[in-house]
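# Observations on chain architecture
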Amino acid sequence: MSVQQEAGVEGAALEVWIDQDLCTGDGICAQYAPEVFELDIDGLAYVKGSDDELLQATGATTRVPLPILTDVVASAKECPGECIHVRRVADGVEVYGPDAG
């Protein structure tokens, strides 16, 4: 079963954001999905925009590219700070992360 089937999000556009207040700076997310996550000079992880720039605004989101969805989900599952949130763009429902149902 694919990650998308598991979450019931087949074909749905997904976005991800990081709650920096909970980020422990372990960098696991950047190891799993460096295309989406990066640690900044402050030691916290941020998502990156399509132009590869860090998005540092509170609650900033970026789209999850389908080819690396499994890596982004692994980041959310393995994050010790439980600060990575993956949600459907269409309705904002969290499908992976600490608030996923």
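Everything discussed here concerns the structure shown above.
The text that follows walks through the structure, step by step, so that each part is easy to find. Predicted model only: the values in this text are computed from it and were never measured. (Residues numbered from 1 in each chain as written. Predicted model: local features only at pLDDT ≥ 70, side-chain atom pairs only at ≥ 80, totals over all residues. Heavy atoms only, no water.)

## Focus on the pattern of salt bridges
It is possible for side chains bearing opposite charge to pair when their charged atoms get close. Across all of its chains, the model carries 4 salt bridges by this definition. Put simply, Asp52 and Lys48 hold a salt bridge, and the shortest N to O gap is 3.1 Å. Taking the shortest distance from any N to any O, the salt bridge between Asp91 and Arg88 comes out at 2.8 Å. One continuous salt-bridge network, built from bridges that share partners, spans Glu38, Lys48 and Asp52. (Salt bridge = Lys/Arg side-chain N within 4 Å of Asp/Glu carboxyl O.)

## Thoughts on the sheet that holds strand 4 (residues 54-55)
Across the sheet, which stays open at both edges, the 3 strands sit in the order 2-3-4 with antiparallel pairing between neighbours. Each end of this open sheet is capped by a strand with a single partner; those strands are strand 2 (37-39) and strand 4. By the bridge criterion, 2 bridges tie strand 3 (residues 45-48) to strand 4 in an arrangement that is antiparallel. Paired with Val47 across the bridge in strand 4 is Leu55. (Pairing = 2+ DSSP bridges. Helix = DSSP H or I, 4+ residues; strand = E, 2+ residues; numbered from the N terminus.)

## Things to note about the state of the cysteines
One pass over the structure, following the stated rule, counts 0 disulfides. In this model Cys23 remains outside any disulfide bridge; the closest cysteine sulfur is found in Cys83, 4.5 Å from its own. The cysteine Cys29 is free of any disulfide, with Cys23 supplying the nearest cysteine sulfur at 6.3 Å. According to the relative accessible area criterion, Cys29 is buried, its value standing at 7%. (Disulfide = S-S within 2.5 Å. Buried < 20%, exposed > 50% of the residue type's maximum accessible area, 1.4 Å probe, protein only.)

## Comments concerning the pairing of strand 1 (residues 14-18)
Regular strands have side chains that alternate between both faces of the sheet. Summarising burial for strand 1: 5 of the 5 residues are buried, a large majority. Burial along strand 1 is two-sided: the face carrying Leu14, Val16 and Ile18 and the face carrying Glu15 and Trp17 are both buried. With 5 bridges joining them, strand 1 and strand 6 (residues 84-88) adopt antiparallel strand pairing. By the bridge assignment for strand 6, Ile18 is matched with Ile84. Strand direction decides the pairing type here: strand 1 and strand 5 (residues 62-63), joined by 2 bridges, are antiparallel.

## As for the nonpolar core
One finds Val16, Phe37, Val72, Ile84 and Val86 to be the most contacted residues of the largest nonpolar core, which totals 22 residues. When contributions to this core are tallied by element, the ones reaching two or more residues are strand 1, strand 3, helix 3 (69-78), strand 6 and strand 7 (94-96). Per-element tally for this core: the top contributor is helix 3, with 4 residues. Each residue touching Phe37, except ones within four places of it in the same chain, is listed here: Val16, Ile18, Cys29, Ala30, Tyr46, Val47, Lys48, Val72, Ser75 and Ile84. (Core = buried A, V, L, I, M, F, W, Y, C linked by side-chain atoms within 4.5 Å. Contact = heavy atoms within 4.5 Å.)

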